[in-house]
Amino acid sequence: MRRFFRPTWAEIDLGALVGNLRKLRARVGPAVKIMFVVKANAYGHDAVLCSLAAEKARAADWLGVSSVEEGVALRDAGVKLPILVLGSLYPFESVLAAVAYDLTPIVASLESAKRVASAALRLRRPINVHVKVDTGMGRIGVRPEAAPELVRQLAALKAIRVQGIYTHMAKAEDDAAFTAAQLKAFQRVVNSLAREGLRPPLIHAANSATTLRHPAARYGLVRPGLAVYGLYEGFSPILTLKSKCVYIKTVARGSSVGYGASWRAKRESRIATLPIGYGDGYPRVLSNKASVLVGGQRCPVIGSVTMDQIMIDVTGAPNARVGDDAVLIGRQGGTSVTAAELARMCGTIPYETVTALSSRVPRVGIH
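Reading the values: the criteria
- Residues numbered from 1 in each chain as written.
- Predicted model: local features only at pLDDT ≥ 70, side-chain atom pairs only at ≥ 80, totals over all residues.
- Heavy atoms only, no water.
- Buried < 20%, exposed > 50% of the residue type's maximum accessible area, 1.4 Å probe, protein only.
- Helix = DSSP H or I, 4+ residues; strand = E, 2+ residues; numbered from the N terminus.
- Pairing = 2+ DSSP bridges.
- Right-handed = clockwise from strand over helix to strand, strands pointing away.
- Expected span 1.5 Å × (residues − 1).
- Polar contact = N/O pair within 3.5 Å; in protein donor to acceptor, adjacent residues only side chain to side chain.

A. View of the pairing of strand 3 (residues 62-65). Judged by which residues are buried, strand 3 turns out to be covered on both faces: Trp62 and Gly64 on one side and Leu63 and Val65 on the other are all buried. Note that strand 2 (residues 33-37) and strand 3 share three bridges and pair parallel. When the bridges of strand 3 are listed, Met35 appears paired with Trp62. Pairing of strand 3 with strand 4 (residues 83-85) involves three bridges; the strand directions are parallel. Paired with Val65 across the two strands is Val85, which belongs to strand 4. Where the polypeptide runs from strand 3 across helix 4 (residues 68-76) and back to strand 4, its parallel neighbour, the crossover connection is right-handed.

B. Region of the structure containing helix 8 (residues 176-195). A rise of 1.5 Å per residue sets the reference length of helix 8, with its 20 residues, at 28 Å; its end C-alpha atoms lie 28 Å apart and thus fit the reference within 8%. Within the span of helix 8, buried status applies to Thr179, Gln182, Leu183, Ala185, Phe186, Val189, Val190, Ser192 and Leu193. For helix 8, the N-terminal capping position is held by Asp175, with its side-chain oxygen 3.3 Å away from the main-chain nitrogen of Ala177. After helix 8 finishes, the residue Gly197 shows a positive phi value of roughly 75°.

Structure (structure tokens):
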């Protein structure tokens with residue numbers, strides 16, 4: 001256990017993570033490589049912990065990050081798996097840094113190709129790249145009709161090796177027709193390159209939802225994130241957010257709690273304070289809405305979530321004592337509070353709920 005004094009932490013079940021990766025491996029088959037997406041600190045789960053666990057178990061073939069900084073942090077921690085930087089690299093120095101740390105950049109335009117080629121010439125070594133095609137996301141990527149010409153130009157440069165080509169699905173979770181249109185546009189690009197003998201070794205398009213719902217889109221590599229973290233149906237959640245009851249008191253009926261006196265006791269009540277708040281990424285909008293598990297019982301969050309603390313009503317958990325564990329996301333006994341549940345209350349998605357957990361919350365790997 002990592003040493004810390006403020007009793008608020010997130011447990012990352014690395015055994016469950018590896019289990020989710022192996023479950024995906026069984027679904028896609030041994031011929032399809034898995035790029036485990038660990039951007040945004042592994043969706044808030046700790047990129048170093050998760051990457052090293054996946055590498056040690058040989059459960060992933062690649063890692064995906066959003067920036068050079070994220071890739072460098074993994075290399076500094078000893079991660080050796082191939083790493084693709086999924087974000088566009090700018091300025092020029094970022095390309096040099098990526099290559100210095102053995103990170104694979106993407107190319108999404110002729111301009112970005114020139115930056116990579118200049119870096120290769122300066123370093124006197126060829127650079128592997130993946131070409132990004134925009135088939136409907138509208139974010140980063142060359143247009144499908146322009147993609148073959150870009151690959152042709154890259155193929156003519158000895159300084160660059162086109163190792164992969166890929167696209168990004170915009171509505172794989174809920175719009176089969178839109179996804180099919182994206183995949184059709186991408187397949188036309190792949191077919192065009194294949195006819196010219198320019199098809200790159202790695203073709204990829206599938207995030208978690210696409211991997212599981214559209215088998216034809218798996219190509220030779222898939223890029224799961226949500227499923228690996230257990231935030232997709234059928235996979236085991238790997239994060240448990242915990243704190244402890246550090247103070248408990250009894251308040252009389254009619255007493256108020258918290259800033260703005262937004263909660264008043266309708267009966268004599270036992271109130272526990274937990275050292276976690278919106279400074280830790282527990283959203284203020286959950287004030288008087290969410291529940292926390294203590295002694296296997298759901299205890300409502302009362303009053304306003306503050307920067308460093310929240311209060312919960314433990315009247316329904318009569319055995320609650322100072323020092324007891326409180327679970328804010330995860331399972332305790334036979335009861336659970338999920339990231340999806342909190343996301344619905346906040347009007348957002350589970351991705352945001354977990355990635356919002358701040359660096360003040362230590363991540364502790366368990367097996």
